[in-house]
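Architecture at a glance
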Amino acid sequence: MGEFYLSLKDRIFKKESLARYLDKDGRLVKSMGAGDLIALGIGAVIGTGIFILPGTVAALHSGPAIILSFIVAAIVCSTSAMCYAEFSSALPIAGSAYSFGNVIFGEVVGWFLGWALILEYMLAVAAVSTGWAAYFSSFLGGFGIHLPHAISGYFDPAHGTYINLVAILIVLLISFILSLGVKTSVRFNNIIVILKIAIIIIFLLVGMFYIKPANWHPFFPFGVGGVFKGASLVFFAYLGFDAVSASAAEVKNPKRNMPVGILGTLIICTILYILVSVVLTGMVSYTKLNVANPVSFALQLVNQNWVAGIISLGALAGMFTMMVTMIFSSSRLIYSIGRDGLLPKFLGEISPKHHIPAKAMTVVTLIICLMGGFVSLDQLTNLVNIGTLIAFTFVSLGIIPLRKRKDIPNDGFKVPFYPVLPIVSVILCILMMTQLSAETWIASIIWFIIGMIIYFAYGIKHSQIAK
C-alpha cells in the first residue's frame, strides 16, 4: 500500500515539459504586441464597476478617501501582477496559471488551478452577459422599444421568463468575432476599448467643471480604517489582468511585451479609477452616492443628462470588452487542458484556417450561453473571486521554485525584492480570501470535489504526461 501511494504521488506531481508546450503552442500565430495586451487587460478590468464602485464604496465605507482605497488595492494587486509578469516572461505558453502550475508544481496542482480558472472565466462572462442584457434592454427602453418579458430573464416560469435571449446573442456575437482570428478580434477589441476610455474621459472633462472642493471635506469621514475596508472591496475591481497571461503563446517578443501588458494594464486602470473617484466625490457629497448608478446620478444632479446617456453606452462597452477578454482566455485555457489530455483531446486542436482553438471556443461558448441564458447567477458570482485568488496564491508562491529551475532561463522581467515580495503577495491573497463569505467557500469546495472526481476518473488516465 505504501508503494502504491508513493507511485501515485510521483505520478500526480510529475512536472510537464516546457519544451513540449512550446512545440505544441507553436501552431498559434504570434501577432499581438504590448498595446494589444494592454487593450485586452483594460477590456477585462474596466467594466461597469468604474461607474458604480467609486460612488457606493465612498458612500458607505471610505468617503472621499476612496482615492486612497484604490491606491492601496492597486498596490496589493501589483504584487501578484509582477509574479504573473515574471511567469509570462519565463514561460511564454498558453493556459496562464494552469500551464505555469503544470511546469512548476506538477500535474495535479496545474489541474486544480485550471479548474479554478474555468470557474473564474466562464462564470464571470455568464454573469456579465446577463448584466449586459439588462443594460441593453434599458437602453432600448429609452427609445420606446421593449423586449417580450418571456425572453428577458433566466428560466423561471413562475415569473414568466424562460430564456435570456440577449445574453445568449451577445456571447454568440463575441465568439463569432473571436473565431475570425486573433488579428481581427484584437483590432475590434482595441476599437471598443478606445471608445470606452473616450466615454470615461468625457465624464471627467464635463464633471471637473462641477467640482466643489467642499465636497472633499471631511476627507476621512470613516477614519483610516474606512480606507482599508474600501480597499478590500475595490480590490475585486482590478481582477481580470491575469487573463492577459493566457495569450502569452500568441504574443510577439513575450519577454518584453507580457510584463508591459500586465503591469501597463494595472497602472492605466488605477489612474482611471482614481480620476473617476476624484471627480465623482468632488461633484457630489459622498453621503448621496449610495445609489445603483452614482455617475449617472451625479450628472443628472448638474443637469448633464446627455452625458448620463453616454455613460450607459460606456457601461455596455465596458461589459462587452470584458466578455471579449474572458471568452478569449477561456478558449485558450480549455485548449491547454485538452492539449494535455486532461479533458478530451479534440479540445486541444488548432484550426488550420484561422490558427485558433476553434473547438475549445465552441465548447466555451455553449457552456456560457447555457449559464447566462437559463441559470440565475446571483449567488454564484463570488466564486469568481475565490477562483482568481487561488490562482494568484499559487502563481506568487511559484516564483520561488521557478527561480531555482536552471532549465528555465529568464532574461526578461523578474519580480523585485525576491523572495520577500512573492511571499508578501501570497499572504495578501490569503487575507483577501478570508474576506469571502462562508457560502462562497462551501460552493468552491463542492466545485473542487467535482474537479477531483474528473481528474482521477478521466484526466490521470488520458494525460500526455502518462504517455
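Values in this document were obtained by computation on a predicted structure and should not be read as measured data.

Some thoughts on helix H5 (residues 66–90)
Each α-helix winds once per 3.6 residues, and so residues spaced three or four apart point in a common direction. If you check H5, its first and last C-alpha atoms are 36 Å apart, about what 25 residues at 1.5 Å a residue would give, namely 36 Å. For H5, the principal kink sits at Ser78 and spans about 30°. Counted residue by residue, H5 has 21 buried out of 25 residues, so it is predominantly covered.

Concerning the state of the cysteines
Tallied over the full model, the rule gives zero disulfides. With no disulfide of its own, Cys83 lies 8.3 Å from the sulfur of Cys429, the closest cysteine sulfur. Looking at Cys269, it has no disulfide partner, and the nearest cysteine sulfur is the one in Cys77, 10 Å off. Judged by its relative accessible area of 0%, Cys269 falls in the buried class.

Things to note about a nonpolar patch on the surface
A surface patch of nonpolar side chains, amounting to about 540 Å² of accessible area, comprises Leu68, Ile71, Ile75, Phe220, Val224 and Phe228. Listed by contribution, the elements that provide at least two residues to the nonpolar patch are H5 and helix H10 (223–234). In terms of residue count, H5 provides more of the nonpolar patch than any other element does, three residues in total. Following the sequence through the fold, Ile71 ends up in helix H5.

Digging into the packing of aromatic side chains
The tally for this structure, following the rule as stated, stands at 19 aromatic pairs. Here the aromatic rings of Tyr84 and Phe392 are separated by 5.6 Å at their centres, their planes lie at 70°, and the arrangement is edge-to-face. Residue Tyr84 is found in helix H5, and its partner Phe392 is found in helix H15 (residues 382–404); the two are separated by 308 residues along the sequence. The same class applies to Tyr84 as to Phe392, namely buried. Centre to centre, the rings of Trp111 and Trp115 are 5.4 Å apart; their planes meet at 20°, and the pair counts as stacked. Pair noted here: Trp111 and Trp115 are both in helix H7 (residues 107–141), with a separation of four residues, about one helical turn. Residue class for Trp115 comes out buried when judged on its relative accessible area of 7%. Feature note: the residues Trp111, Trp115, Trp447, Tyr455 and Phe456 constitute an aromatic cluster, connected by ring pairs.

Conventions used here
- Residues numbered from 1 in each chain as written.
- Predicted model: local features only at pLDDT ≥ 70, side-chain atom pairs only at ≥ 80, totals over all residues.
- Heavy atoms only, no water.
- Helix = DSSP H or I, 4+ residues; strand = E, 2+ residues; numbered from the N terminus.
- Expected span 1.5 Å × (residues − 1).
- Bend = angle between axes of the 7 residues up to and from the residue.
- Buried < 20%, exposed > 50% of the residue type's maximum accessible area, 1.4 Å probe, protein only.
- Disulfide = S-S within 2.5 Å.
- Patch = residues over 30% accessible without salt bridge, like charges linked within 9 Å, V, L, I, M, F, W, Y side chains within 5 Å.
- Areas by Shrake-Rupley, 256 points an atom, 1.4 Å probe, with all protein chains shown as cover.
- Salt bridge = Lys/Arg side-chain N within 4 Å of Asp/Glu carboxyl O.
- Phe/Tyr/Trp six-rings, centres within 6.5 Å; stacked < 30°, edge-to-face > 60°.

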